Every structure is written in structure tokens, then in C-alpha cells.
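Per-entry structural report
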Amino acid sequence: MRLPVLLCVLLCLSAAPGPVAGADRSCTDLRQFYTGKGFTLVEVPQTEISGEHLRMCPQGPTCCTSTMEENLGGLSARETEGLIKEAGRSLQSAFNALHRAFDTYFTELHGRSERSLQEILSPLGPLYSQNTRLYGDLYADLRQYYRGSALNLDETLSEFWSRLLERTFKISAPTDETLRPFGDIPRDTKAKLIRAFVTARSFVLGLIVSGEVVRKVSQVHLSPECMKALMKMVYCPHCRGIASVKPCSNYCSNVIKGCLANQADLNPEWQNLIDTMIQVASSFSTEPSLDVVLSSIPARIYEAVHFLQENMDTFTARVYQTCGTPGEPGTGSPALHEQQKKKKSGSLTASEYKPSPTAGLRLEMQVSDLSSKLREMRQYWTQLPMALCSKLAAGGAGLDKCWNGITKARYLPEVMGDGLANQINNPEVELDITKPDMTIRQQIMQLKIMSNRLKNALDGNDVDFQDASDDISGSGSGMCVGGQCSRSRPGLYAYSPDNNRVRGAAASQTRLCGLLLLLPLAILLLQR
């Protein structure tokens, strides 16, 4: 009796209303989502359909047609490209901010130095007041060089000292290197100024180039293989009716690392450039610091003229040695020379010059801020996948309740390394590692060129790289080695080998003898 009753109960339960296996689910949620993304509902199913037509999502019951799959695939690629560009714009803004901060500091430093000319050089009397344009031209040339002018800084500084000597003696200045009327000051000042301005200009150029590399690389379109992987990761859960399930974190890492494999190859040269820029920034505070070099320009000029005043006897003797003792009486009068020796200067000399503690503190803060912000950018290309996945994927707590590309479960494959070569076994993105992106390869070369330019700048060398490859030497004048053509050339006051000093000796001697005739006038002028 009990057995028939039990069978009746089971039959009744099986006939009760409830979900039937294989029943079609509604696509209402997906239809709302799909129209919200800007697509029409034409041919969008009301209920699930079989998924044999799917090419990106796992096949099975789905609410997505082939057209919907293509549309959502293109959308996933555009949205990801938008995130990449957004991250790139943020980094570009950071570089622009660093550029503005340093440029403001440097131009203010340059301006203060120029404004101090009158205070420091006014004791020179007419030699300053009648030659303000000469000093102004020097600062204008330095400013133009910093802004990117193609002028040769070595020649510009040599020309300044030649013109200063010319104005002092009212005749064309001698080019004989053995006289050195201003002592070693022009050579020492030139070396410090060249190093300061070359490093400053190269540093600014490094910031500009870095920002441009980020801009160009951020505009590189994602590959079709990447689009398929993104569709599968981002929107296939919507097609399956589990839109609330986020992609697994490691799954997202493999997809984005595959999509950005070429971009990650920027990392070695990118880090090299950032490290070199930090090194250049640190050099600004190395003695002699940037603020000392720029601020002491007027004091160095005064010191040079004062040196000539104090060493007129030696300078005269060198002229006599070259031209012979003149017969005119009164030239090089001992009384005048003795009076010149007794003349004391009340102006500040460069050897005594020290910037204010406030100026030194500001430079230290500037260098510290530049270095810390550059360090934050050092890992950008390898951290970009992680930054994108923080917006796309589930957190670490949902390892067993995330979308793994097939269903809601743990993602088992290991995470790939960074760069194109490490994607050979990427299970999510199909890549041909033998075909790198040429746009990105060009930007890698730009990073390498800029790094080399900055390294040369640390030694005071302004170098043009005429060829991007390391194994092609420059051609032409013979000054290019390994594609590098130095702009530096020997200046008026450089020490040259003795066998070069005889070059043009006859012409130089003629000019020196003409100079000798005006020495009394020059001495009187310097006494003012």
C-alpha cells in the first residue's frame, strides 16, 4: 500500500509548476544594455538563441547575434583605446607640468642674473654704460640657445670676450691665444656656462620628447586579435546573461599584456631615459650649481676686466715680446702702471660670489620635486596593464566567482611576462612575435637617442645624432663618430697644442703691434 502512495506523491511533484530544463531565458537585460551603448534593436533576439554562430564568445545559449558580437567587439576595443589614451594624457600632463616648473625656474634665474648687471658692473664706468648692448646681447644669445636655437654656444661665448676686448681697446681684438688678457676666466666661465645651458636645454628637450613618445604610442590602434580577446573578456558575459560577473584579475592581465605587448617593449629604454633625466636633474645642484653659474655671470665679467687692470704690466710685456719694444716715449708709463696696481675694487668678484640661502633652497626643492615625479613615471609601460585591469576586472576577493573567459570560475593559466617575446604562449591573445609594431619601434629609437644626448650633456657636449642606428657612422667633415656630431669647437681662449699656435702668426703680430700703439689710451680708459 505504501509503495503506490509514494509513487503518486512523486508524480504530483514532477507535475508541479517550475523552471524547465533548457527553457529559453529572456534577453531583456541585454536589450536594454545594447541600446544604452548606442545600438539599435534590429534583429536583437527577445530570448536566448543557440550560439553556433559565435566567433569570439564561447558557443552556447546566447542573446548575441553575429552582428551584435561584431558591434560589441569593436566597442570593447574603442573603450580600451580610450582608457589607454586617458592614461597617456595624464602622463603627458605630468611631463608638461614638470616642463613649466623647470622653465619658470630657469628663466627667472636667467632674468635675475641679467638684472644684476648694472649693480655689479657699474663700477666699470663707461666700459659698462657705453656697452650695455654687448652684455644684453650675451644674455639674449644664451636665452635663444636655451630655447632651442642652432647657434654654437662655444663660438658665441668666445665672440663675447673678443668683443669685450675690442670695446676696451677701441680696435679689432687680437686672436692670439697666448695673450689671454682676461686670464683663465673666459675659459673657466665658458666651460661652466656651456655645461649649465647644455644640460638645461637637453633636460627640457628630454621632457618634451618623453611626452611626445607617450602621445604617439597611446594613439596606436589595437590589433584585431586584441579586439577579439577584449570582446570575450568584457562583453561575452553580457551575451551569456551574467553581466554582473567581472573578469578574473589574472585573466585580464593576460589579455591586456597581450594587447600591449609592443608598448611594454618601450620599458628598458624608457627607464634608461628617466634614470638619465634624474641624473641630469641632480647635476643642477652639483657644484658649481646651476643657480651659482647663472647668477655669477656679471661677477665673472667684472672679475675678468679687473684681472686685466691688475695685470696690465704682464699683458704689456707680452705685447712687447711679440712686437718688440716701441720707440715712442711714454708708452706703458711706469707711473701709470703703478697707479693702476694701487687701484682697488669695491665690487663683488665671482670667487666671492654666493647665492642667497633662499636661492639654494629653491634649487634643492626643484631638483627633489623633479626627481621624485620622474621616478613615479619610471614603470609606466609595465604598470599600464595593471592600471587598466583595476578598472575592468574583479578584485582579489572574487577569484572563484569571476569570468574566466568560459564560465564563472577560477582562472587557472599563469600570468605572462611583459613584452612581445613573452607572449609566445599567451592563451588569450594570438600574436606573431616576429612582427613588432614599427611605430613603437621608432619611438624606442627616439628614447635611445634622447638618452644618449642627455648623457653627453652631462659632460657639457651638445651632440646632434644624425643617424638613429648605432652601427652607422656619420659622413662628411670627419667630426661625426657613431652618428654623433659634436657642436663643440675650440674657442678663442682655449689652450691649443703648441704646434697650432704658429698658425697665422704673421697676421696676428701685425694686429698686436697696432694694439700696442693704443695701450696708453687703454690704460687711461681702464682708470676711469
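Look a little higher up for the structure.
Predicted, not measured: the structure shown is a model, and the values here were computed from it.

Thresholds, definitions, all that
Residues numbered from 1 in each chain as written. Predicted model: local features only at pLDDT ≥ 70, side-chain atom pairs only at ≥ 80, totals over all residues. Heavy atoms only, no water. Disulfide = S-S within 2.5 Å. Helix = DSSP H or I, 4+ residues; strand = E, 2+ residues; numbered from the N terminus. Buried < 20%, exposed > 50% of the residue type's maximum accessible area, 1.4 Å probe, protein only. Polar contact = N/O pair within 3.5 Å; in protein donor to acceptor, adjacent residues only side chain to side chain. Phe/Tyr/Trp six-rings, centres within 6.5 Å; stacked < 30°, edge-to-face > 60°. Lys NZ or Arg CZ within 6 Å of the ring centre and 35° of its normal. Salt bridge = Lys/Arg side-chain N within 4 Å of Asp/Glu carboxyl O. Core = buried A, V, L, I, M, F, W, Y, C linked by side-chain atoms within 4.5 Å. Expected span 1.5 Å × (residues − 1). Axes fitted to C-alpha atoms, helices over the stretch in contact; angles between N-to-C directions. Parallel < 35°, antiparallel > 145°, perpendicular 65-115°, else oblique. Left-handed = near helix turned anticlockwise from the far one by under 90°. Contact = heavy atoms within 4.5 Å.

Turning our eyes to something else, we now look at the state of the cysteines. Scanning the model with the defined rule gives six disulfides in all. Here C248 is linked by a disulfide to C402, with a sulfur-sulfur distance of 1.9 Å. Taking the sign of the S-S torsion, 90° for the link of C248 and C402, the bridge is right-handed. Pair noted here: C248 is in the loop between α10 (236-240) and α11 (249-259) and C402 is in the loop between α19 (380-392) and α20 (438-458), with a separation of 154 residues, a long-range link. Each of the two residues, C248 as well as C402, counts as buried.

Here R201 is to be found in helix α8 (residues 185-218). Among the polar contacts listed, one links the side chain of R201 to the backbone oxygen of Y145, at a separation of 2.9 Å.

Inspection of the entire model under this criterion finds 16 aromatic pairs. Seen from their ring centres, F102 and F284 are 5.1 Å apart, and the 20° between their planes marks the pair as stacked. Of this pair, F102 sits in helix α3 (residues 66-115) while F284 sits in the loop between α13 (267-283) and α14 (290-295), and the two are 182 residues apart along the sequence. For F102, a relative accessible area of 0% corresponds to the buried category. For F284, a relative accessible area of 2% puts it in the buried group. Ring plane angle 85° and centroid distance 5.9 Å describe the contact between W270 and W381, whose orientation is recorded as edge-to-face. A residue pair is termed long-range when its members are at least 10 positions apart, and W270 in helix α13 and W381 in helix α19 qualify at 111 residues. Owing to a relative accessible area of 0%, W270 belongs among the buried residues under this scheme. By way of ring pairs, the aromatic residues F102, F106, Y146, F197, F203 and F284 are connected into one cluster. Directly above the aromatic system of Y145 lies the positively charged group of R201, at a separation of 3.8 Å from the ring centroid.

Here we take up the pattern of salt bridges. Where charged atoms from two side chains of opposite charge approach closely, those side chains can pair. This structure, assessed with the given rule, holds 19 salt bridges. Between K190 and D154 there is a salt bridge, with the nearest N and O atoms lying 3.7 Å from each other. Linking K190 in helix α8 with D154 in helix α7 (residues 153-169), this pair joins segments that are 36 residues apart in sequence. By relative accessible area, which is 11% here, D154 ends up buried. One salt-bridge network, in which partners are shared between bridges, spans D188, K192, R300 and E303.

Our focus in this paragraph is unusual backbone geometry. For the peptide bond that leads from E287 to P288, omega is -5°, which places it in the cis range. With respect to the helices and strands, P288 occurs in the loop between α13 and α14. Not every positive phi belongs to a glycine, and E43 is a case in point at roughly 65°. Structurally, E43 can be placed in the loop between α2 (28-36) and α3.

Looking now at the nonpolar core. One finds F95, F102, Y135, F203 and L374 to be the most contacted residues of the largest nonpolar core, which totals 122 residues. Considering every element that reaches this core, the biggest residue donor is α8, with 14 residues.

Now for α8. With 34 residues, α8 ought to run about 50 Å at 1.5 Å a step, and its terminal C-alpha atoms sit 49 Å apart, in line with that. α8 sits mainly inside the fold: 24 of its 34 residues count as buried.

Across the eleven residues of α11, nine count as buried, placing the element largely inside the fold. Listed as buried for α11 are Y251, C252, S253, N254, V255, I256, K257, G258 and C259.

Here we take up the packing of helix α6 (residues 132-146) against helix α15 (residues 297-310). As a packed pair, α6 and α15 sit with axes 12 Å apart at the nearest point and diverge in direction by 135°. Between α6 and α15, the angle is such that the two are oblique. The interaxial crossing formed by α6 with α15 has right-handed handedness. Between α6 and α15, the residues in contact are Y135, L138, Y139 and L142 and I297, P298 and I301, respectively.

Our focus in this paragraph is the side chain of N426. Along the polypeptide, N426 turns up in the loop between α19 and α20. Residue classification places N426 among the buried positions, given a relative accessible area of 9%. There is a polar contact of 2.8 Å between the side chain of N426 and the backbone nitrogen of E428. Only 3.4 Å separates the side chain of N426 from the backbone nitrogen of V429, close enough to count as a polar contact. Apart from the residues lying within four places of it in its own chain, the contact partners of N426 are N254, G258 and M416.

In short, shape yes, function no, at least from these values alone.
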